[in-house]
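Survey of secondary and tertiary structure
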Amino acid sequence: MGFGMDVVVFGAGGRAGRRAVAEASGRGHAVTAVVRDPARHRDLTDVRLVRGDVTDAASVADAVAGHDAVVAAAVDLSADPAAFFTASSRALAAGLAKAGVPRLVVVGLASILPGASGVPLMDEPGYPNEYRSFYLGHAAGLAELRDSDLDWVYVAPAGDFDHSGTPSGRYRLAEHGDPASRITYADFALALLDEVDAPRHHRSAISIREA
């Protein structure tokens, strides 16, 4: 893979998705931005804006046909997390396979990746678990990816996102999850698109932290 590719971003209207769209466009890729309701996202310009359902394999296959790689940043907070992330992983696996798209980069969640102790962050003492059902939903989606034949990478912030910080233009691979880590969406998007342009991690989950 390399520059000048055709890249699909599911969940292009969200915070991570928008930064992925901007980063992909800035690198010279032709971007297809997939959202549930295109009328709500007319500000996504200089991209091909389409309606799509990341939980439906046929919709996924239609959206990704003829593309080189997919970034999945979609979430539906109104849905049951386990049902949504399981369905989306299955639909992405089936849809990309049908369309012959070789690469999937998924925006993940730190909570389900190992912390310093080696156990998932969500199981470390003192970790906030009021959103545990959301964490478990992400874990279920990741399990579905592991059962697929895709070349995927699950990319999570080491801790959480910095919603108002200034991007540094850099990031680094984290050795483990760290609840104190904060990275901007723009810097996180660098990691996502690096895994599109020059894949280094295959069928694995990684965490990204501030440089």
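Anything mentioned here points back to the structure above.
Below or above, wherever it landed, is the structure these notes cover. Keep in mind that what you see is a predicted model, and the values were worked out from it rather than measured.

**As for the overall build of the chain**
If you tally the helices and strands in the chain, you get five helices and 10 strands. Dimensions of the chain, computed from the C-alpha atoms along their principal axes, are close to 45 × 35 × 30 Å. Within the chain, buried positions represent 50% of all 211 residues. The contacts of the chain with a sequence gap of at least 6 include a subset with a gap of at least 24, amounting to 67%. Summed over all atoms, the accessible surface of the chain reaches about 9600 Å², with 50% contributed by carbon and sulfur.

**So, the sheet that holds strand β10 (residues 204-209)**
What links the strands of a sheet is backbone hydrogen bonding, and the strands pair in either a parallel or an antiparallel sense. Pairing is mixed in the open sheet, where eight strands are placed in the order β3-β2-β1-β4-β5-β6-β10-β8. Strand pairing shows two members of the sheet lacking a second neighbour, β3 (48-51) and β8 (172-173), which therefore form its edges. As paired strands, strand β1 (residues 6-10) and strand β4 (residues 69-72) are joined by four bridges and run parallel to one another. For valine 9, the partnering residue across the bridge sits in β4 and is valine 71. Docked against the sheet, helix α1 (residues 15-26) engages β1, β2 (30-35), β4 and β5 (103-107), running at close to 165° with respect to β2. Sheet strands touched by helix α5 (residues 185-197): β1, β4, β5, β6 (151-157) and β10. Its angle to β5, the strand with the most contacts, is close to 165°.

**Here we look at the packing of α1 against α5**
Where α1 contacts α5, the two axes come as close as 8 Å, and the packing angle between them is 60°. On the basis of the axis angle, α1 is oblique to α5. By crossing handedness, the relation of α1 to α5 is classed as right-handed. On α5, the residues touching Arg15, Ala16, Arg19, Ala20, Glu23 and Ala24 of α1 are Tyr185, Ala186, Ala189, Leu190, Leu192 and Leu193. Across the contact of α1 with α5, the residue classes break down as nine nonpolar, no polar and three charged.

Criteria and thresholds
Residues numbered from 1 in each chain as written. Predicted model: local features only at pLDDT ≥ 70, side-chain atom pairs only at ≥ 80, totals over all residues. Heavy atoms only, no water. Helix = DSSP H or I, 4+ residues; strand = E, 2+ residues; numbered from the N terminus. Buried < 20%, exposed > 50% of the residue type's maximum accessible area, 1.4 Å probe, protein only. Contact = heavy atoms within 4.5 Å. Areas by Shrake-Rupley, 256 points an atom, 1.4 Å probe, with all protein chains shown as cover. Pairing = 2+ DSSP bridges. Axes fitted to C-alpha atoms, helices over the stretch in contact; angles between N-to-C directions. Parallel < 35°, antiparallel > 145°, perpendicular 65-115°, else oblique. Left-handed = near helix turned anticlockwise from the far one by under 90°. Nonpolar A, V, L, I, M, F, W, Y, C, P; charged D, E, K, R; others polar.

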